[in-house]
Amino acid sequence: MKKIVLAYSGGLDTSVCVPWLKENYDAEIVTMTVDIGQIDDLAVIQKKAEDLGVLNHYSIDARQEFCEGYIFPCIRANGLYQNKYPLGTALSRPLIATKLVDIAKKEGAVAVAHGSTGKGNDQVRFEVTIKGLDPSLEIIAPIREWNLTRDQELDYAQKNNIVLGKSSEYSIDENLWGRSIEGGKLEDLMYEPSEEVFQLVTPLTKTSDNEEEISLSFVEGIPKRLNGVEMGPVDLILEMNRKLGAHGIGIIDHIEDRLVGIKSREVYECPAAIGIIEAHKELEKLVLTRRELSFKQRIEEEWAWLVYSGLWLEPLRYDLEAFIALTQKKVDGEVKMKLYKGNLRVSGRSSPSSLYDYAMATYEASSTFDQTSSSGFVELWGLGSRTAFRALQRGEGEKNEK
Ligand code: ARG
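A short tour of the structure in this document, coming up. (Residues numbered from 1 in each chain as written. Predicted model: local features only at pLDDT ≥ 70, side-chain atom pairs only at ≥ 80, totals over all residues. Heavy atoms only, no water.)

Looking now at the overall build of the protein. Counting its secondary structure elements, the protein contains 14 helices and 14 strands. Overall, the C-alpha framework of the protein stretches about 85 × 65 × 40 Å when taken along its three principal axes. The buried share of the protein, taken over its 402 residues, is 47%. In the protein, once contacts between residues fewer than 6 apart in sequence are set aside, the share between residues at least 24 apart is 72%. Carbon and sulfur atoms form 51% of the exposed surface of the protein, whose accessible area is close to 20,700 Å². Here the protein contributes 48 positive and 63 negative side-chain charges, whose respective centroids are spaced 3 Å apart. (Helix = DSSP H or I, 4+ residues; strand = E, 2+ residues; numbered from the N terminus. Buried < 20%, exposed > 50% of the residue type's maximum accessible area, 1.4 Å probe, protein only. Contact = heavy atoms within 4.5 Å. Areas by Shrake-Rupley, 256 points an atom, 1.4 Å probe, with all protein chains shown as cover. Lys, Arg positive; Asp, Glu negative; His and termini not counted. Charge placed at Lys NZ, Arg CZ, Asp CG, Glu CD.)

Lining the immediate surroundings of the ligand are 15 residues, of which Tyr85, Asn121, Arg125, Glu256 and Glu266 lie closest. Contacts to the ligand include Asp122, whose side-chain N or O atom sits 3.5 Å from a nitrogen atom. Within the side chain of Glu256, one N or O atom sits 2.9 Å away from a nitrogen atom of the ligand. The protein chains hide 90% of the 340 Å² of surface that the ligand would expose on its own. When residues of the shell around the ligand are traced back to their parent elements, those giving at least two are α4 (88-107), α5 (122-133), β6 (171-175), β7 (178-182) and β12 (263-269). The element best represented in the shell around the ligand is β6, accounting for three residues. In terms of residue class, the shell around the ligand is made up of five nonpolar, four polar and six charged. (Near = heavy atom within 4 Å. Polar contact = N/O pair within 3.5 Å; in protein donor to acceptor, adjacent residues only side chain to side chain. Nonpolar A, V, L, I, M, F, W, Y, C, P; charged D, E, K, R; others polar.)

In this section: the environment of Lys84. Within the element layout of this structure, Lys84 appears in the loop between α3 (63-76) and α4. Taking the C-alpha atoms as reference points, Lys84 and Ile255, separated by 171 residues in sequence, lie 9.8 Å from one another. The contacts of Lys84, once residues within four sequence positions are left out, are Ile252 and His254.

Remember, this is a structural readout, not a statement about activity or role.
Written as structure tokens, this is what we have:
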């Protein structure tokens, strides 16, 4: 019998996919869950898959790989789609797609399946990567083909004796880099998400009345030490999520443009991502020139767009990252941040590659900056604009005389 490998999260959507695939494709199902730092218990998911009668189940711990191959490039690119979203879900899809293809090879499967709908970005991210890695694999998207409402799905689940965990009215995706929450009451754009929606961020009414200062140290644009203690990336990100989340930091609530043309309301909690990117940006401002910074911003926007829109394997991403890698050679040093009641504020920074020259910048008498050369600079700096402005004024004057 032919085999299909399904990317399985243990949730309602991917659970109903198992009997549906069996019914419709007359195939054996192999499931795969990739651990990228979601809160779920992998043993429970494995048990669920086995209860659904799958031929084989794989649990893959890819947390370190997710950090090094996906989150690190995002940090170095200050990756924020539409200046807000740190791309947690978007980054995970090409990794999961890669694992699907690996397991399909190992199992000799003819097809792979995922639980994305036809309205979102995830279908694009999964399928572009899968097709790129192995064009011979058939891709099945049961939820998209089937087009069921949530109630119909629940009904089907019941008929197939699928045991459902605590089901949420929201569609939630989570990993180390954050939680993405959509749907349900959030579809009313004026509805404020209630406290129970959040798991990483403490409500402001319950956060500490004492501020906390933390320090984050980077080596070549990668965070390596938290409060002076060297940590692996998984632990560092978990600890940043915990610390910032405890101070109520990390919630994003915005309107996002999906790839398929839909505007949607997206709620995220991503304390670590927000804190690490903020610190990284601050350090870059200290060590990169003004020209490097402004050019890099354009690169960053393009990078985030490629990743958001499912083009992880696009060669341009590698090209952009080659530029970014050059800039990151200088991004070493420490950033201090104050955390208090939902607010994160950079309070200090230092770097061996610092371009800050105290002797130049100081207002004290010891300054080495020669102010006499500034008058000539001002003269020439504004020359073109001043000339054009006066010409404009003359034109206006002549018009008024007529
Ligand atoms: N809008 C985000 C993105 O496209 C989050 C998607 C979340 N997915 C989900 N199943 N809730 O990356």
